[in-house]
Amino acid sequence: MRHPLHPALVHFPIACWPLATLADFSSLWFGESAWKWSAGLLAVGCIVALPAMAAGMMELSRVPDGPALGDVYLHMGLMLTAFVLFSTSLLLRLDHLQPLAPDILSLVLDLAGFITLAIGGWLGGRLVYGHGIGR
């Protein structure tokens, strides 16, 4: 696989979603200035995740059968779950496209999304560095 697109695109959600989680939890101390950043970061992460997932699906046919394919399916499931968690958190916090402060449910979704993203991201790294996919 020469120059796959998926690894280039995933950096945006992988950066935006944890920063949004940090901003949401920081808003407990710093208030509105923190959670307004979070809404933008969640939106950018969710928007860029769509082409990243599409690129991953297009590159799926290049993964050889075997243990790597099992890791790919687990990676895909975890990352789709993270996308759903962060998207839900964002949608719950919008009122006519205006961001709202996070409530306890949004914070739980952020934390669950962060944990899911970390495990799925680790599997993505294992695909590249352990199985040699995309090199």
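Residue positions are given per chain, counting from 1 as you read along its sequence in written order. Confidence filtering applies because this is a predicted model: local features only for residues at pLDDT of at least 70, side-chain atom pairs given and counted only at 80 or more, and all residues used for totals across whole chains, interfaces and linings. As a convention, hydrogens and water are excluded, and side-chain values are obtained from all of the structure's heavy atoms.

Undergrad: Describe in detail the packing of aromatic side chains, supporting the description with residues and values.
TA: Each Phe, Tyr or Trp ring, with Trp reduced to its six-membered ring, pairs with another whose centre is within 6.5 Å; inter-plane angles below 30 degrees give stacked pairs, above 60 give edge-to-face pairs, and intermediate values give tilted ones. Applying the stated criterion to the full structure yields 2 aromatic pairs. On the numbers, 6.5 Å between centres and 50° between planes, the contact of Trp 17 with Phe 83 is tilted. Of the two residues, Trp 17 sits in helix H2 (residues 11-30) while Phe 83 sits in helix H4 (residues 67-92), which places them 66 residues apart along the sequence. Judged by centre distance (4.9 Å) and plane angle (20°), the ring pair of Trp 17 and Phe 86 falls under stacked. Of this pair, Trp 17 sits in helix H2 while Phe 86 is found in helix H4, placing the two residues 69 residues apart along the sequence. For the pair Trp 17 and Phe 86, one class covers both residues: buried. One aromatic cluster in this structure is built from Trp 17, Phe 83 and Phe 86. Secondary structure elements follow DSSP: runs of H or I no shorter than four residues count as helices, runs of E no shorter than two count as strands, and numbering proceeds from the N terminus. The rule is simple: take the accessible area with a 1.4 Å probe, protein chains only, and divide by the maximum for that residue type; under 20% is buried, over 50% is exposed, in between is partly exposed.

Undergrad: Run through a nonpolar patch on the surface, naming residues and quoting values.
TA: Nonpolar side chains (Val, Leu, Ile, Met, Phe, Trp, Tyr) are joined into patches within 5 Å and like charges within 9 Å, using only residues with over 30% relative accessible area and no salt bridge. For accessible areas, the Shrake-Rupley method is used with a probe of radius 1.4 Å. Any residue's cover is judged against the shown protein chains and nothing else. Salt-bridge detection follows one rule: a side-chain nitrogen of Lys or Arg within 4 Å of a carboxyl oxygen of Asp or Glu. A contiguous nonpolar patch, built from Leu 92, Ile 104, Leu 105 and Val 108 and spanning about 390 Å² of accessible area, is present on the exposed surface. A total of 3 residues in the nonpolar patch trace back to one element, the largest contributor, which is helix H5 (residues 104-130). Tracing the sequence through the fold places Leu 92 in helix H4. With relative accessibility at 45%, the residue Leu 92 sits in the partly exposed group.

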